[in-house]
Amino acid sequence: MTSLNEADRQFALHPFTNLSGHQADGPFIIEKGDGVYVWDDQGNRLLEGMAGLWCTSLGFNEQRLIDAAAKQFAQLPYSHMFTHRSTPPAIELSKRLVEMAPEGIGKAFFVNSGSEAVDTAVKMAWYYNNALGRTAKKTIIARLRGYHGVTVAAGSLTGLPYAQDGFDLPAIPVMHVETPHHYRHAEQGESEEAYASRLAQSLDDQIMKAGADTIAAFIAEPVMGAGGVVIPPKTYFEKVQAVLKKHDILFIADEVICGFGRTGNTWGSDTYNIQPDIMTCAKQLSSAYLPIGAVLVSDHLYDTFQDYSDKLGVFGTGTTYGGHPVSAAVALETLNIYESDNIFSHVKARAPHFKERVQALQNHPLVGQARSVGLIGAIELVADKSTKEQYPAEQKMAAKVMAAARKRNLILRATPGDSVAFCPPLIINDDQIDEMFDAVADALNDVHSSL
Ligand SMILES: Cc1ncc(COP(=O)(O)O)c(C=O)c1O
């Protein structure tokens, strides 16, 4: 336990935080970590059921990542990638990412966060279409409840009011289409496949109405994360992709949460049969030990970029820290560990037990739907299971479950749609999965008995 002065705790302006509540309560301080656990400043050990912000895949004290960073710091603590410059870790990492990526992806462009990756993907979609003379193709289609970050373009695509209100977003041309949430939005008796067909038809109709010549790209998380862990209905992405192909609209797969094993395969795009033109990734790329993201670009886009940059003189985008050698070295070592320790197979092997424990929560009186894929899941809380009616928003039921879990030394996250999300480090074992869901069940009982 360290002793931080009470008054010193009020200088930081916290993201996604109620500022008055923070003024009253102060920060929740995490001081150290080990495996899937973290310790707060009161000495409590908590199971990190959200892997931080869906990102610390290898847990909180992976020595090989610490060593990789130290080694690179000693060798070369900074260089950049502007004007043809590179470093050995950036070169190796780009090769590894392209080799891991779905077929057709040929280049990796480095950034420092998921939001930057998404903003860059949008710029690339515009650059590509401008290069082809299709200068009216500007709108990006995103989904309600999708989360793509907070920078001006990414924040515009995010389909969650709490991340836009007060900030004059959206600030770029965006069309938000339906959330593909079968449990909540399918019609009575409608199969997942029929619901997916209806959504694809609706997408087609909306594109036709706006004019395909005004639409540059469609962006989607394979599984919506921050919007409440919304798992797509069967055949959804196949049908959506057919519509986009017909209208010559690019597919941007936002793999910032799903990438690197979260859904049981390397990419969420593998799990859901997506063939993206552009992919964004970050978070688990370095197990979040250092900030790094990447935009992965298909060959056919790159060829057009090359011609256009010849015409303009330069591919004119990039950031000071993009491809930072220490971040790149840590990311590279993260990918080495995924391979040497068979982390993605470990996720596949743990997923049935995880699913079983998530599904068991479905029997709880507060839970309307329990859902999961790989090592990500959620429960959706309802007041009435038969009508799926939710509690009034002011009751903040998901936040209550999150707070009750905290008291039981488990970190969870309340997400929109009164859903409580689960996303532990990928290294979690079966005993820890049991410990996690025993605590979830206890937290649900605590909240239920307090009603
Ligand atoms: C799918 C997705 N895209 C983009 C982002 C933004 O990433 P960052 O917070 O690193 O900017 C997030 C963050 O949670 C995300 O979940």
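Here's what I pulled together on the structure shown here.

About the thresholds
Along each chain, residues carry numbers from 1 onward, in the same order as the chain's sequence is written. In view of the model being predicted, local features appear only for residues whose pLDDT reaches at least 70, and side-chain atom pairs are presented and counted only at 80 or more, with totals across whole chains, interfaces and linings using the full set of residues. Excluding hydrogens and water, the side-chain values take into account all heavy atoms of the structure. Strands are runs of DSSP state E lasting at least two residues, helices are runs of H or I lasting at least four, and both sets are numbered from the N terminus onward. Taken over C-alpha atoms, the radius of gyration is set against a globule rule of 2.2 Å times the number of residues to the power 0.38. Residue exposure (1.4 Å probe, protein chains only): buried if accessible area is under 20% of the type maximum, exposed if over 50%, otherwise partly exposed. By the convention used here, residues are in contact when the closest approach between their heavy atoms is within 4.5 Å. Per-residue accessibility takes into account occlusion by the displayed protein chains alone, with areas from the Shrake-Rupley method and a 1.4 Å probe. The charged-residue count follows a simple rule in which Lys and Arg add positive charge and Asp and Glu add negative charge, with His and chain termini not counted at all. Where a charge sits is defined by one atom per residue type, namely NZ (Lys), CZ (Arg), CG (Asp) or CD (Glu). At least two bridges found by DSSP between two strands are what make those strands a pair. Think of each axis as a best-fit line through the C-alpha atoms, taken over the contacting stretch in the case of a helix, with angles from 0 to 180 degrees between the N-to-C directions. Note on angle classes: values under 35 degrees are labelled roughly parallel, values over 145 roughly antiparallel, values of 65 to 115 roughly perpendicular, and the remainder oblique. Two helices that cross are described as forming a left-handed crossing if the nearer one is turned anticlockwise from the farther one by less than a right angle, and a right-handed crossing if clockwise. Residues are grouped as follows: nonpolar covers Ala, Val, Leu, Ile, Met, Phe, Trp, Tyr, Cys and Pro; charged covers Asp, Glu, Lys and Arg; every other residue, Gly included, is treated as polar. For this purpose, a residue is taken to be near a molecule or strand whenever a single non-hydrogen atom of the residue falls within 4 Å of it. In protein, a polar contact means a hydrogen-donor-capable atom and an acceptor-capable atom, both N or O and within 3.5 Å, with residues adjacent in sequence counting only if both atoms are side-chain atoms; elsewhere, any N or O pair within 3.5 Å suffices. A carboxyl oxygen of Asp or Glu within 4 Å of a side-chain nitrogen of Lys or Arg is what we treat as a salt bridge. Each residue after the first adds 1.5 Å to the expected span of a helix.

**Some words on the overall build of the protein chain**
Move 1: When its secondary structure is counted, the protein chain shows 15 helices and 15 strands.
Move 2: A compact globule built from 451 residues would reach a C-alpha radius of gyration of about 22 Å, and the protein chain, at 22 Å, matches this within 12%.
Move 3: With respect to the principal axes defined by its C-alpha atoms, the protein chain has extents near 65 × 60 × 45 Å.
Move 4: The burial tally for the protein chain puts 53% of its 451 residues in the buried class.
Move 5: Considering only intrachain contacts with a sequence separation of at least 6, the fraction spanning at least 24 residues in the protein chain is 71%.
Move 6: When the accessible surface of the protein chain is split by element, carbon and sulfur atoms take 53% of a total near 19,600 Å².
Move 7: Looking at the protein chain, you have 38 positive and 52 negative side-chain charges, and the mean spots of the two groups are 2 Å apart.

**Thoughts on the sheet that holds strand β14 (residues 413–415)**
Move 1: Ordered by their spatial adjacency, four strands build an open sheet running β11-β12-β15-β14, and the pairing between neighbours is antiparallel. The sheet is open, and its two edges are formed by β11 (367–373) and β14, each paired on a single side. Mean inter-strand twist for the sheet, computed between neighbouring axes without regard to direction, equals 25 degrees.
Move 2: By the bridge criterion, four bridges tie strand β12 (residues 376–381) to strand β15 (residues 419–422) in an arrangement that is antiparallel.

**Here we look at the pairing of β11**
Move 1: Burial runs high along β11: seven of the seven residues are buried.
Move 2: Remark: two residues form the turn of the hairpin made by β11 and β12, two consecutive strands paired antiparallel; glycine 374 in that turn has positive phi of roughly 55 degrees.

**Remarks on the packing of helix α4 (residues 88–100) against helix α12 (residues 325–340)**
Move 1: Running from N to C, α4 and α12 cross one another at 40 degrees; their axes reach a closest spacing of 8 Å. One way to sum up the angle between α4 and α12 is to call them oblique. The chirality of how α4 crosses α12 is left-handed. Across the interface between the two elements, Pro89, Ala90, Glu92, Leu93, Arg96, Leu97 and Met100 from α4 touch Pro325, Ala328, Ala329, Ala331, Leu332, Leu335, Asn336 and Glu339 from α12.
Move 2: Split by residue class, the contact of α4 with α12 holds eleven nonpolar, one polar and three charged.

**Considering the environment of alanine 171**
Move 1: Here alanine 171 is to be found in the loop between α6 (152–157) and β6 (174–177).
Move 2: Here alanine 171 falls in the partly exposed class, since its relative accessible area comes to 48%.
Move 3: Taking the C-alpha atoms as reference points, alanine 171 and histidine 80, 91 residues apart in sequence, are found 30 Å from one another.
Move 4: Those residues in contact with alanine 171 that sit more than four places away from it in its chain are Val152 and Ser156.

**Concerning the site of the ligand**
Move 1: Surveying the vicinity of the ligand reveals the residues Ser113, Gly114, Ser115, Tyr147, His148, Gly149, Glu221, Asp254, Val256, Ile257 and Lys283.
Move 2: At 2.8 Å from an oxygen atom of the ligand is found a main-chain nitrogen or oxygen belonging to glycine 114.
Move 3: Serine 115 places a polar side-chain atom, nitrogen or oxygen, 2.6 Å from an oxygen atom of the ligand.
Move 4: Relative to its free-state accessible area of 390 Å², the ligand is covered by the protein chains to the extent of 83%.

**Describing the pattern of salt bridges**
Move 1: Here the structure, examined in full by the defined rule, presents 18 salt bridges.
Move 2: Note that arginine 198 is salt-bridged to glutamate 190, the shortest N-O span being 2.7 Å.
Move 3: Here arginine 198 falls in the partly exposed class, since its relative accessible area comes to 31%.
Move 4: The class for glutamate 190 is buried, based on a relative accessible area of 13%.
Move 5: Here arginine 408 ties to aspartate 442 by a salt bridge, and the two come within 3.5 Å at their closest N and O atoms. Placement of the pair is arginine 408 in the loop between α14 (397–407) and β13 (410–411) and aspartate 442 in helix α15 (residues 430–450), with a sequence separation of 34 residues.
Move 6: Residue arginine 408 is classed as partly exposed on the basis of its relative accessible area of 36%.
Move 7: Among the residues examined, aspartate 442 registers a relative accessible area of 32% and is labelled partly exposed.
Move 8: Connected via shared salt-bridge partners are Glu62, Arg64 and Asp341.

**Some points on helix α11 (residues 299–312)**
Move 1: With 14 residues, α11 should reach 20 Å at 1.5 Å per residue; the first-to-last C-alpha distance of 20 Å fits that figure.
Move 2: Packing partners of the buried residues in α11 comprise α5 (114–131), β8 (250–254), β9 (278–281) and β10 (293–298).

**Quick word on the sheet that holds strand β5 (residues 139–143)**
Move 1: In spatial order, the strands read β4-β10-β9-β8-β7-β5-β6; together these seven strands make up an open sheet with mixed pairing. Two strands close off the open sheet at either side, each with one partner strand: β4 (105–111) and β6. Between one strand axis and the next, the sheet turns by 20 degrees as a mean value, whatever way the strands run.
Move 2: Where β9 and β10 come together, four bridges link them in antiparallel fashion. Counterpart to methionine 279 in the pairing with β10 is leucine 296.
Move 3: Together, β4 and β10 form the strand contacts of α4, whose direction differs from that of β4 by roughly 135 degrees.
Move 4: Against the sheet, α11 contacts β4, β8, β9 and β10, and its axis sits at roughly 90 degrees relative to β10.

That's the geometry; what it means functionally is another story.
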